[in-house]
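Here is what each chain is made of, one letter per residue.
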Number of protein chains: 2
Amino acid sequence: MTTATNPRALPHPAREEIRLEAVLHALADPVRLLIVRTLAAADVELNCSAIELPVTKSTSTHHFRVLRESGVIRQTYQGTAKMTALRHDDLDALFPGLLPTVLTAAGHQSARDTVRG
Amino acid sequence: MTTATNPRALPHPAREEIRLEAVLHALADPVRLLIVRTLAAADVELNCSAIELPVTKSTSTHHFRVLRESGVIRQTYQGTAKMTALRHDDLDALFPGLLPTVLTAAGHQSARDTVRG
DNA sequence: TTCGTAGTTTGACGGATGTCGTAGTACGGT
DNA sequence: ACCGTACTACGACATCCGTCAAACTACGAA
């Protein structure tokens with residue numbers, strides 16, 4: 001290391017700072033909803049690049065940041081990789097059942113879309 | 001009447017056309033969330049002007065349209081008044097529990113905000 | 001028919017958003 | 001020390017969003 005003591009810290013909102021409007025806005029984008037669904041399905045921390053997205057890497061970075069700054073995900077560095085996890089505890093404490101309900105709704109819609117072309 | 005047979009028809013999406021992303025986006029705005037909460041609390045069809053909003057009338061019209069076009073509310077004319085109701089049935093059929101969960105979350109957040117200034 | 005009330009439409013404007021490409025930074029391995 | 005991988009930062013761009021004011025339309029009442 002050269003100068004930094006805590007090389008790459010990522011700003012996260014504290015639990016009390018998480019706003020419902022921001023969470024809903026974060027989940028309202030198809031790419032971000034895909035990220036969240038993938039994280040929920042994996043049920044473990046995931047590397048950013050483990051989630052295939054139909055956008056470039058800079059756009060991915062943008063979406064991950066929106067999710068992080070709204071309080072939906074938590075991100076930490078592990079070497080060059082950046083691990084991402086859903087903030088299930090905080091979200092469930094603030095907005096009980098919201099995330100599971102949205103995930104179920106997304107699953108239903110996805111199933112309907114698949115059936116009807 | 002002069003020419004029109006069905007004077008003022010308002011376009012609503014059919015149940016199958018309602019998209020989760022659009023619903024979440026509609027709910028992600030503070031003014032619109034206030035509208036939805038007020039409708040849910042009233043539990044009956046409401047006149048537009050019965051909901052006091054911190055914006056001008058043209059902005060209100062805009063927000064009501066976003067809610068209607070996303071499938072969250074249904075609007076019908078009754079004379080000069082425009083009645084508005086939540087599309088509880090359709091939303092619950094498509095995304096079970098989503099609307100109640102969001103409303104509960106909004107209530108919790110509002111209570112927290114009130115307590116902590 | 002005239003007026004007032006209720007809501008719409010249009011145009012404008014500033015700010016946010018989603019997207020990309022290019023250049024840059026941080027870390028691990030050779 | 002060097003290189004490659006992984007992700008970030010910045011700038012650009014088109015679009016969308018929330019807001020307003022002003023002009024307009026529709027209906028009911030006097």
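Please refer to the structure placed before this passage.
What comes next concerns the included structure. Owing to the predicted nature of the structure, the values given are computational and were not obtained by experimental measurement. Throughout this document, residue positions are counted from 1 along each chain, in the order its sequence is written. Chain letters and ligand numbers both follow the written order, the letters beginning at A and the numbers at 1. For this predicted model, a pLDDT threshold of at least 70 governs which residues receive local features, and a threshold of 80 or more governs which side-chain atom pairs are given and counted, while totals over whole chains, interfaces and linings are taken from all residues. Values shown for side chains rest on all heavy atoms present in the structure; no hydrogens or waters enter the calculation.

## Thoughts on the protein's contact with DNA strand C
Note the threshold: Here, proximity means that at least one heavy atom of the residue falls within 4 Å of the molecule or strand. Each polar contact in these results corresponds to two N or O atoms within 3.5 Å; when the atoms are within protein, one needs to be able to donate a hydrogen and the other to accept it, and residues that are neighboring in sequence are counted only if both atoms are side-chain atoms. Think of it this way: any DSSP run of H or I at least four residues long counts as a helix, any run of E at least two long counts as a strand, and we number them from the N terminus.
By nearness alone, 22 residues border DNA strand C, and His63(A), Asn47(B), Lys57(B), Thr61(B) and Lys82(B) come closest of all. For DNA strand C, the fraction of atoms within 4 Å of the protein that belong to sugar or phosphate moieties is 69%. Ser58(A) is positioned with one of its side-chain polar atoms (N or O) 3.1 Å from a base oxygen of DNA strand C. One of the side-chain nitrogen or oxygen atoms of Asn47(B) is found 2.6 Å away from a phosphate oxygen of DNA strand C. Among the elements of the structure, helix H3 (57-70) of chain A together with helix H3 (57-70) of chain B are those that each provide at least two residues to the surface near DNA strand C.

## Topic: the environment of Leu24(A)
Residues and elements named next belong to chain A. Our working definition: Burial classes follow relative accessibility: with a 1.4 Å probe on protein chains only, a residue under 20% of its type's maximum area counts as buried, one over 50% as exposed, and anything between as partly exposed.
Mapped onto the secondary structure, Leu 24 falls in helix H1 (residues 20-27). Residue class for Leu 24 comes out buried when judged on its relative accessible area of 0%. Considered as a pair, Leu 24 and Leu 99 are 75 residues apart in the sequence and their alpha carbons are 9.9 Å apart.

## With respect to the side chain of Arg87(B)
Residue position: Arg87(B) is located in the loop between strand S3 (81-86) and helix H4 (88-94). A residue is classified by how much of its surface remains accessible, and Arg87(B), at 4% relative accessible area, is buried.

## Thoughts on the pattern of salt bridges
Quick note on the threshold: Salt bridges are defined by distance alone: a side-chain nitrogen of Lys or Arg within 4 Å of a carboxyl oxygen of Asp or Glu.
Taken as a whole and assessed by the stated rule, the structure comprises ten salt bridges over all chains. One salt bridge connects Arg87(A) with Asp90(A), and the closest N-O pair in it is separated by 3.0 Å. Linking Asp90(B) and Arg74(B) is a salt bridge whose minimum nitrogen-to-oxygen distance equals 3.3 Å. One end of the pair, Asp90(B), is in helix H4; the other, Arg74(B), is in strand S2 (residues 73-78), and 16 residues separate them in sequence.

## Some points on the relation of the copies chain A and chain B
For the pair of chain copies, the relating operation is a rotation around an axis with a shift along it. As a reminder of what qualifies: Here the copies are matched by least squares. The fit uses the C-alpha atoms of residues with pLDDT of at least 70 in both. Between two residues, a contact is recorded if the distance between any of their heavy atoms is within 4.5 Å.
Least-squares fitting of chain A to chain B yields an RMSD of 0.0 Å, with the superposition described by an axial translation of 0.0 Å and a rotation of 180 degrees. The operation mapping one copy onto its partner corresponds to a two-fold rotation axis. Taken as a fraction of all interface residues of chain A, those also at the interface in chain B reach 100%, which identifies the copy contact as same-surface.

## Brief notes about the side chain of Thr101(A)
Summarising the element assignment, Thr101(A) is placed in helix H5 (residues 98-115). Those residues within four positions of Thr101(A) in sequence are excluded, and the remaining contacts are Pro96(B), Gly97(B), Leu98(B) and Thr101(B).

## Overview of the interface of chain A and chain B
Let me state the cut-off plainly: Each of two parts loses accessible area, computed with a 1.4 Å probe, when they are put together; buried area is these two losses added. Nonpolar residues are Ala, Val, Leu, Ile, Met, Phe, Trp, Tyr, Cys and Pro. Charged residues are Asp, Glu, Lys and Arg, and all others, Gly as well, are polar.
Listed per partner, the contact involves 25 residues of chain A and 25 residues of chain B. For the chain A and chain B pair, buried surface summed over both sides reaches about 2100 Å², with 62% attributable to carbon and sulfur atoms. Contact with chain B buries area across many residues of chain A, yet Glu21(A), Leu24(A) and Gln109(A) alone supply 24% of it, more than any other trio. Mapped by element, the contributors of at least two residues to the side of chain A that touches chain B are H1, helix H2 (30-42) and H5 of chain A. Here the side of chain A that touches chain B gets nine residues from one element, more than from any other, and that element is H5(A). Classifying every residue of the side of chain A that touches chain B gives 14 nonpolar, five polar and six charged.

## Notes on the protein's contact with DNA strand D
Around DNA strand D, 22 residues are found, and the nearest of them are Asn47(A), Thr61(A), Lys82(A), Arg32(B) and His63(B). Close to the protein, within 4 Å, the atoms of DNA strand D belong to sugar or phosphate groups at a rate of 73%. The side chain of Ser58(B) places a nitrogen or oxygen atom 3.1 Å from a base nitrogen of DNA strand D. At a separation of 3.1 Å, a phosphate oxygen of DNA strand D approaches a polar side-chain atom of His62(B). Sort the elements by how many residues they give to the surface near DNA strand D and H3(B) lands first, with four residues. Looking at the surface near DNA strand D, its residues break down into four nonpolar, 13 polar and five charged.

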